[in-house]
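Descriptive analysis of the structure
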Amino acid sequence: MRPAERLFRIIQILRASGRVMTAADIAERLEVSPRTVYRDLGHLMASGAPIDGERGVGYLLREAFDAPPLTFTFEQLEALAFGAKAVQVLAGEDLGVAAREALAKIEMSIPPEHARRLKTAPLFAMRGAKQPPPPKLLGPLRRAISERRRLQILYRSLAEQESERLIRPLGLTNFGPVWLLTTWCELRQDFRDFRVDRIQRYEVQAGRFEVEPDKSFEGYLARYTDC
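Model, not experiment: these values are computed from the prediction.

1. Re the nonpolar core
With 16 residues, the main nonpolar core has I10, L14, I26, L41 and I51 as its most contacted residues. Broken down by secondary-structure element, the contributors of at least two residues to this core are α1 (3–17), α2 (23–30), α3 (34–46) and β2 (58–61). Those residues in contact with I51 that lie beyond four places of it in its chain are I11, L14, L41, L44, M45, Y59, L60, L61 and R62. The next biggest cluster of nonpolar side chains, apart from the first, holds 14 residues, and it includes A91, L137, I167 and W179.

2. What about helix α5 (residues 92–109)?
Taking 1.5 Å of rise per residue, the 18 residues of α5 would be expected to cover 26 Å, and the 26 Å separating its terminal C-alpha atoms lies within 8% of that figure. Listed as buried for α5 are G92, G96, A99, L103 and I106. Angular distribution of buried residues about the axis of α5 spans 85°; they occupy a single face of the element. Facing away from the buried side of α5 by over 90 degrees, the exposed positions are E93, K105 and M108. Each element contacted by the buried residues of α5 is listed here: α4 (74–90) and α6 (112–119).

3. Thoughts on the packing of aromatic side chains
Both the distance between ring centres and the angle between the ring planes are used here to describe each pair of aromatic rings. Taken as a whole and assessed by the stated rule, the structure comprises four aromatic pairs. Between F191 and Y220 the ring centres are 5.5 Å apart and the planes differ by 70°, which places this aromatic pair in the edge-to-face class. With F191 in strand β6 (residues 190–195) and Y220 in helix α8 (residues 217–226), this residue pair connects regions lying 29 residues apart in the sequence. The buried category is assigned to F191, whose relative accessible area is 8%. Arranged with centres 6.0 Å apart and planes meeting at 10°, the rings of F217 and Y220 form a pair that is stacked. Of this pair, F217 and Y220 both sit in helix α8, three residues apart, which is roughly one turn of that helix. Grouping residues by exposure puts F217 and Y220 together as buried. A network of ring pairs unites the aromatic residues W184, F191, F217 and Y220 as a single cluster. Over the ring of Y38 we find R55, and its NZ or CZ is 3.9 Å from the ring centre.

About the thresholds
Residues numbered from 1 in each chain as written. Predicted model: local features only at pLDDT ≥ 70, side-chain atom pairs only at ≥ 80, totals over all residues. Heavy atoms only, no water. Core = buried A, V, L, I, M, F, W, Y, C linked by side-chain atoms within 4.5 Å. Buried < 20%, exposed > 50% of the residue type's maximum accessible area, 1.4 Å probe, protein only. Helix = DSSP H or I, 4+ residues; strand = E, 2+ residues; numbered from the N terminus. Contact = heavy atoms within 4.5 Å. Expected span 1.5 Å × (residues − 1). Arc of directions from axis to C-beta. Phe/Tyr/Trp six-rings, centres within 6.5 Å; stacked < 30°, edge-to-face > 60°. Lys NZ or Arg CZ within 6 Å of the ring centre and 35° of its normal.

The following block contains the structure:
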């Protein structure tokens, strides 16, 4: 975590708490050392943040405090603009709308010159002639991932063999024209990737599954990167 982000998080933690918090409490939230928190609090108090407190006692945000306006470098603005355009091309209508709305909110919170730079960034993402449109299942699959809903799917492999699987949907990955759904397969008791365009049908199951570290998307990525 960068120092600037950590300072912002400390303000947010104190604001949400509404009570006296020790440096150890804050350090635990941020997963850093109390020494780092003491140094950051010193910087914040020296810069005029309305924080009362001292070592060994605790710290309290004594009044409403608004963080400074969002500031971005031009390179960061171009990265945001390009990312939003890529989402609109690759990820379907619902995420495309969300990306446009997010950019509009950012435009309203930054200086006019930066807003102009964001809107006119000379970076574009386009779908090639052989690039199929985003699968219609992306929206339902994203919701199932977000809501931790098991899915019963009928899947047709590239060899045209059909099978039914009960899965925990964990994440979606785009490889050019192909979207992959990473899952924990209850039948195989292991991770499995399914091409979204090969899923013939799906049924959302009742109840929610609990996130387990060894059956999570993070666990899948850790296994992949460790290979």
